[in-house]
Amino acid sequence: STNPSGTTTNQPTPLPTSPPTMKPTVTNNVIVQQEFNVCFPDTYCSIITNNLDASLGLIEDAFLSVVLSNVCLNGSCNPSDAVFTVTSVCQSTDQPSGTSCIEFVLNLPVVTIPQANIIIGMLQYAFSISLQSFQLTIQANALGILSPLNSLLIQLLTITNIWVLDPSNQYYPDWGRSNTCVLNDGTAPSYIMFNPSMYFSNTIEECCTRFYPGNYDACIDPNQMGPCPGGGSGGDGSTSDYEFNGWDLTSQ
């Protein structure tokens, strides 16, 4: 630009009003796994078991809105990533007579182990203060066929076990790809990541024993794979010596 005296001045380039930000991509490989009970008078068992999916959905929605929404506040977890598994419904428990429980397992992916340890403390605190809000939320949302639950009394909302699982150094069955147990590098399918206790093992030996007992040696080391039944003479390098579960390893 030119000032009144006719000389040229260099004006600095103005900063953008909204500078771009770079947000790193984070993979949630760490799992907080929690077992918890929701207990109530057993007079409600018939309506719950006769409308099981809707009843469980009602309880899980209340858990998300009352408990997890107050736990996942800093971006270290996302309530929508939570996966619930029901292990028992209205079974006999150690609770007083007339009380029945639904037992859940919650798998919650988080970012890091330190954050997982913080979330564990927050979950424990949230459970200690959330019983009344949890009950009121269920009652308020119990409509239609579930309207009898609008008077549901939650007698107990408690954590029975809670721990941190880090599958990053664990093995899982690589079905449909290598058909062996492989070390998790963050590319495990989501159904495996969200059920770590079911699919992950600490060692390749443990994984192969669990998931490939009939082909243990080949699972441990595909190079040690012997001939298939009816195959070649063994060790002559023919294709039949290297076929396993329908895969031709000579072409991999």
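Everything here concerns the structure above.
Here's a quick rundown of the structure. Think of each chain on its own: its residues are numbered from 1, step by step along the sequence as written. In view of the model being predicted, local features appear only for residues whose pLDDT reaches at least 70, and side-chain atom pairs are presented and counted only at 80 or more, with totals across whole chains, interfaces and linings using the full set of residues. By convention in this description, side-chain values take in all heavy atoms of the structure and omit both hydrogens and water.

1. Some details on the environment of E60
- Every helix listed is a DSSP run of H or I at least four residues long, and every strand listed is a run of E at least two residues long, numbered separately from the N terminus. Relative to the helices and strands, E60 resides in helix α2 (residues 52–71).
- Counting along the chain gives 46 residues from E60 to L106, while the straight-line C-alpha distance between them is 10.0 Å.
- Throughout, a contact is declared for two residues whenever any of their heavy atoms are within 4.5 Å. Filtering out sequence-adjacent residues up to four positions away, E60 remains in contact with F84, V86 and F104.

2. Brief notes about the pattern of salt bridges
- Throughout this description, the term salt bridge denotes a Lys or Arg side-chain nitrogen within 4 Å of a carboxyl oxygen of Asp or Glu. Using the criterion set out here, one finds 1 salt bridge in the structure.
- R177 is the partner of D174 in a salt bridge, and the nearest nitrogen-oxygen pair spans 2.7 Å.
- Only protein chains enter the area calculation, which uses a 1.4 Å probe; residues under 20% of their type maximum are buried, those over 50% are exposed, and those in between are partly exposed. For R177, a relative accessible area of 42% corresponds to the partly exposed category.

3. Some words on the state of the cysteines
- Whenever a pair of cysteine sulfur atoms sits within 2.5 Å, that pair is classed as a disulfide. Evaluated as defined, the whole model comprises 5 disulfides.
- In the chain, the bonded cysteines, taken in the order they occur along the sequence, pair up as 1-6, 2-5, 3-4, 7-8, 9-10.

4. Regarding the pairing of strand β3 (residues 99–110)
- Counting buried positions along β3 gives 11 out of 12 residues, so the element sits mostly inside the fold.
- For two strands to be treated as a pair, DSSP must find at least two bridges joining them. Pairing between strand β1 (residues 30–41) and β3: 12 bridges, direction antiparallel. Counterpart to F36 in the pairing with β3 is F104.
- Summarising the sheet, strand β2 (residues 83–91) and β3 pair through 7 bridges and their orientation is antiparallel. Bridge pairing in β3 links T85 to V105.

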